[in-house]
Amino acid sequence: MQSPIHNQREDVVQLFDYLMAGNHLYEDKFLEKERVYRKIFGKEPYNDAKLRQTVHFLFKSLEEYLYFKQYIQNDLHTRISLVESYRARGLEKMVKKNLDQVHRQLDEAEFRNEIYYRTNYEHQKEKYNHLSSQPKNAKINLQEVSDALDKTFIIEKLQWSCRGYFHQNLFRTQYDLGLLDAVLDKVEKNHMTEDPAIAIYYYVLKAITDEKDDQAYFEKLRSEINEYSRLFPHSQLREIYLMAINYCVRKMNAGVEGFAKETFEWYRLGISDEVLIDRGTLSPITFNNTVATAIKAGEFEWAEHFIDEWNAMLPESERENLSHFSRAKLFFEKKDYRRAMILLVQAEYNNILFNINAKSMLLKMYYEEGEMDALESLLDSFRIYIRRKEVLGYHRNRYLGLIKFTKKLLRVSPFEKEKVQKLREEIQNSNHPERQWLLERLDDM
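A quick note: this is a predicted structure, and the numbers were derived from the prediction, not measured. (Residues numbered from 1 in each chain as written. Predicted model: local features only at pLDDT ≥ 70, side-chain atom pairs only at ≥ 80, totals over all residues. Heavy atoms only, no water.)

Caption draft 1: Representation of the overall build of the chain in the model. A count of helices and strands for the chain gives 21 helices and 0 strands. The globule rule puts the C-alpha radius of gyration for 445 residues at 22 Å, and the 30 Å found for the chain is more than 25% above it. With respect to the three principal axes, the spread of C-alpha positions in the chain is 95 × 75 × 40 Å. At a minimum sequence separation of 6, the contacts of the chain that also span at least 24 residues come to 59%. When the accessible area of the chain is evaluated, it comes to approximately 25700 Å², of which 49% is carbon and sulfur surface. In the chain, which carries 67 positive and 71 negative side-chain charges, the distance between the mean positions of the two groups comes to 3 Å. (Helix = DSSP H or I, 4+ residues; strand = E, 2+ residues; numbered from the N terminus. Rg over C-alpha atoms; globule rule 2.2 N^0.38 Å. Contact = heavy atoms within 4.5 Å. Areas by Shrake-Rupley, 256 points an atom, 1.4 Å probe, with all protein chains shown as cover. Lys, Arg positive; Asp, Glu negative; His and termini not counted. Charge placed at Lys NZ, Arg CZ, Asp CG, Glu CD.)

Caption draft 2: Looking closely at the side chain of R238. Topologically, R238 is positioned in helix α11 (residues 234–253). Lacking a salt bridge, the buried R238 has D278 as its closest oppositely charged neighbour, with an N-O distance of 4.4 Å. (Buried < 20%, exposed > 50% of the residue type's maximum accessible area, 1.4 Å probe, protein only. Salt bridge = Lys/Arg side-chain N within 4 Å of Asp/Glu carboxyl O.)

Caption draft 3: The state of the cysteines, seen in detail. Tallied over the full model, the rule gives 0 disulfides. Unpaired in terms of disulfides, C162 finds its nearest cysteine sulfur in C248, a separation of 14 Å. For C248, a relative accessible area of 0% gives the class buried. (Disulfide = S-S within 2.5 Å.)

Caption draft 4: Focus on the pattern of salt bridges. The full count for this structure, using the stated rule, is 34 salt bridges. Across the pair E219 and R222 runs a salt bridge, and its minimum N-O distance is 2.4 Å. With a gap of 3 residues between them, E219 and R222 both fall in helix α10 (residues 214–228), about one helical turn apart. Residue E434 is joined to R398 by a salt bridge in which the shortest nitrogen-to-oxygen separation is 3.2 Å.

Caption draft 5: Highlighting the packing of aromatic side chains. Scanning all chains against the criterion turns up 20 aromatic pairs. Ring geometry for Y37 and Y46: centres 5.1 Å apart, planes at 70 degrees, overall edge-to-face. For Y37, a relative accessible area of 1% gives the class buried. Through a chain of ring-to-ring contacts, the aromatic side chains of F218, Y241, Y247, F259 and W266 assemble into a single cluster. Just above the ring of Y385 sits the side chain of K359; from NZ or CZ to the centre is 5.2 Å. Note that K404 overlies the ring of F405, its terminal NZ or CZ placed 4.6 Å from the centroid. (Phe/Tyr/Trp six-rings, centres within 6.5 Å; stacked < 30°, edge-to-face > 60°. Lys NZ or Arg CZ within 6 Å of the ring centre and 35° of its normal.)

Caption draft 6: Examining the environment of Q2 more closely. Here Q2 lies in the segment before α1 (10–20). Look at Q2 and you get exposed, because its relative accessible area is 70%. Between the alpha carbons of Q2 and V13 there is a distance of 6.9 Å; along the sequence they are 11 residues apart.

Right, here's the structure in full:
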């Protein structure tokens, strides 16, 4: 603000100083326009246009600062920009010096993700521009440019294709993934899975698309993550973990043996290593899913300890509700329905998935406690609620199926042996995530 390169207006400095003083940003009385105007312009008559102009220039200066700060954080990027500037001025000696520096920094780079490869491509491109200006017998790095461009594209194509597959499965949409098949063919024919950045996203894609060998590809994915996780920044490693977890959840929901424990282990490791922690905060979805998978894996003590120890990292506005909800799930699994119901009715959930989870638990408790009037009412309201929500993705069929089968349980008599057996076969063949609970209720008959 005080540098004439960025700002030459004293009123902008004064506005900034005023806003940053004391508690001015957080109390409405300090932000009243007339009050702010007097602090900057003294006793002169209030001029709204003049104040808005000062605010505009302050905002512009702040945006320039944020851009500048972000830009200089990437030293490689700024050095390549410096190479471009030296080349434009014909200072080839300085071009070579900085290209060599970029090369050394790339060799020493901590991460090997798509940003690294994109930077390497920019480096090879500038190196080509430099070599092209040398005598005709100089060796040109065209092959290196081409290889770097290919690898950059392949890594980013695999990465965005993974996101596309998960998004279309969740939101029941469809994407044309263009050259993906050609990219996969290139990876396989050229043995490019030796590069961890390519291998991880390649194995994610194969695990979620190859129905025959998906678990073998997932084993390779797990091995790559265990060995090379240090090569990826926190935000990207978190996304990779969530992709692996998403695969595990789908297998677990399909009833594949061993994947309840597998899903739990991914969450446990992601929490203990703080991979799943985002800027010092644990998201409500991750917190809820961690508890749910721990319970599914039979890790009740771990789940209870997790709720007690990690709820402080939840957003404060949702901390109490989620703690109640998570403990309700624990009590539900322990068949302490009275305490579970008390906790569920104490909380209000803005998140749709938490709402339908709570309704699902109440549905099961009403059934097992024989509260049939309450159950019938809940089934009808639950069905209406789900049909009104268009963003549930695959969750919609899961809970509509639970409602459908629960209604059939209510309608069938234990003395109607053929109907009971027919319903049992229908549930078994449905591969429904709640299949075990539904079959146990038939056994109770």
